[in-house]
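The primary structure of each chain is shown beneath.
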Amino acid sequence: MSTNSGDQHAVAPVGLDLVAPELYAPMLRKLALAAWGIGIGAALLAATVVNWPIAAAIGIAVGAPTVLYAIAVRRRRMWLTGTTIHARKLLGERQLEISAATGVEVLVFPARVSRIVLRVTVGEVSQIIPLAMYTDAGSGRELHLLGLRRLADALAASHLATAVAVAAMLTHQLRAEARDAGLEERPLYRAVQLARAKDMVSPIVLTDTEVATLG
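Residues numbered from 1 in each chain as written. Predicted model: local features only at pLDDT ≥ 70, side-chain atom pairs only at ≥ 80, totals over all residues. Heavy atoms only, no water.

A.B. asks: Please clarify how the overall build of the protein chain should be interpreted in this entry.
C.D. replies: The helix and strand tally for the protein chain stands at seven helices and nine strands. Split into buried and exposed, the 215 residues of the protein chain put 39% on the buried side. Of the roughly 11600 Å² of accessible surface on the protein chain, 62% is carried by carbon and sulfur atoms. (Helix = DSSP H or I, 4+ residues; strand = E, 2+ residues; numbered from the N terminus. Buried < 20%, exposed > 50% of the residue type's maximum accessible area, 1.4 Å probe, protein only. Areas by Shrake-Rupley, 256 points an atom, 1.4 Å probe, with all protein chains shown as cover.)

Written as structure tokens, this is what we have:
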């Protein structure tokens, strides 16, 4: 019985969202309600000069895009089960098996709020996994410890040398976060600094050598 429980725990899904959806769900709900209110107001205003079918169409055109956006963002989730990435969008769900990855890359988007992400490619399908974001002031948000651990384990199971190197980097990040090390000691933050030093605005793909150095 204890073995079965351990197996179930080993494959239990773990979220890979940098910001938990529960945190912004209330804001999205308010946004959707506000959009509906604006749409209804636009329809009532339009009804004073046009007939109701046209007024209703105007109201839908005004409010529906924002409502759909709020619904799509609220539905969007990402999690890892074993070595499989699950990404749920407004319609459907995408699954990628990390052990079958044909490409693994670390990208940095340098800006006032810089983002660092992992891009996993299987055949012609790619998925972006957010790892961290940092501001110029030195604050930021990083993927939680369990997510880092499970992601590192999944990458270590890959046959790609790059995936194994990224797994080592994430393991060092995990240890740095666990001991509450300063940002300068955290590989993900140092990767962002490395990208900023290149003085480029386009996304930067870290080389294998750079990833190995960070790890």
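A.B. asks: For this particular structure, what's the right way to read a nonpolar patch on the surface?
C.D. replies: Taken together, the side chains of I38, V49, V50, I54, I58 and V62 present a nonpolar region at the surface, about 500 Å² in accessible area. With three residues, helix α3 (residues 52–75) is the largest single contributor of residues to the nonpolar patch. I38 gets classed as exposed once you look at its relative accessible area, which sits at 54%. (Patch = residues over 30% accessible without salt bridge, like charges linked within 9 Å, V, L, I, M, F, W, Y side chains within 5 Å. Salt bridge = Lys/Arg side-chain N within 4 Å of Asp/Glu carboxyl O.)

A.B. asks: Honestly, the packing of aromatic side chains in this entry has me stumped. Any pointers?
C.D. replies: In this description, an aromatic ring pair is defined by two values, namely the gap between the centres and the angle between the planes. Applying the stated criterion across every chain, the model contains one aromatic pair. For the pair Y134 and Y189, a centre-to-centre distance of 5.0 Å together with 80° between the ring planes defines the contact as edge-to-face. Taken together, the positions of Y134 in strand β7 (residues 125–135) and Y189 in helix α6 (residues 187–197) put the pair 55 residues apart, joining distant regions of the chain. Note on Y189: relative accessible area 8%, which makes it buried. Here the guanidinium or amino end of R115 rests over the ring plane of F109, the centre of that ring lying 4.3 Å away. (Phe/Tyr/Trp six-rings, centres within 6.5 Å; stacked < 30°, edge-to-face > 60°. Lys NZ or Arg CZ within 6 Å of the ring centre and 35° of its normal.)

A.B. asks: What is the right way to look at the nonpolar core in this model?
C.D. replies: Side chains that are nonpolar tend, in soluble globular proteins, to be buried together. Judged by nonpolar contacts, the single largest core of 40 residues is most densely connected at I116, L118, L151, L155, V166 and L170. When residues of this core are assigned to their parent elements, the largest contribution, six residues, is made by helix α5 (residues 161–178). Aside from chain neighbours lying at most four places away, what touches I116 is V106, L107, V108, P130, L131, A132, L188, A191 and V192. (Core = buried A, V, L, I, M, F, W, Y, C linked by side-chain atoms within 4.5 Å. Contact = heavy atoms within 4.5 Å.)

A.B. asks: Looking at this structure, how should I read the environment of H159?
C.D. replies: Along the chain, the position of H159 falls in the loop between α4 (145–156) and α5. The class for H159 is exposed, based on a relative accessible area of 61%. Along the primary structure H159 and T102 are separated by 57 residues, whereas in three dimensions their C-alpha atoms are 9.1 Å apart. Sequence-distant contacts of H159, defined by excluding residues within four places in its chain, comprise S99 and A101.

A.B. asks: I would appreciate a short explanation of the packing of α4 against α5 in the present structure.
C.D. replies: Helix packing for two helices is described by the angle between their axes and how far apart those axes are. Following both chains from N to C, one finds α4 and α5 inclined at 160°, their axes separated by 8 Å at the closest point. As judged from the angle between their axes, α4 and α5 are roughly antiparallel. α4 and α5 meet at a crossing whose hand is left-handed. Along its contact with α4, which presents L145, L148, R149, L151, A152, L155 and A156, the element α5 presents A163, V164, V166, A167, L170, T171, Q173, L174, E177 and A178. Partitioned by chemical class, the residues of the contact of α4 with α5 number 13 nonpolar, two polar and two charged. (Axes fitted to C-alpha atoms, helices over the stretch in contact; angles between N-to-C directions. Parallel < 35°, antiparallel > 145°, perpendicular 65-115°, else oblique. Left-handed = near helix turned anticlockwise from the far one by under 90°. Nonpolar A, V, L, I, M, F, W, Y, C, P; charged D, E, K, R; others polar.)

A.B. asks: So what exactly am I meant to see when it comes to the sheet that holds strand β1 (residues 14–15) here?
C.D. replies: Strand pairing in a sheet relies on backbone hydrogen bonds. The paired strands run either parallel or antiparallel. Read from one edge to the other, the open sheet built from four strands follows the order β1-β2-β3-β4, with strand pairing classed as antiparallel. Of all strands in the sheet, those bounded by a partner on one side alone are β1 and β4 (93–97). In this sheet, β4 lies alongside strand β3 (residues 84–88) in antiparallel orientation, the contact comprising five bridges. Note on β4: the bridge partner recorded for R88 is E93. (Pairing = 2+ DSSP bridges.)

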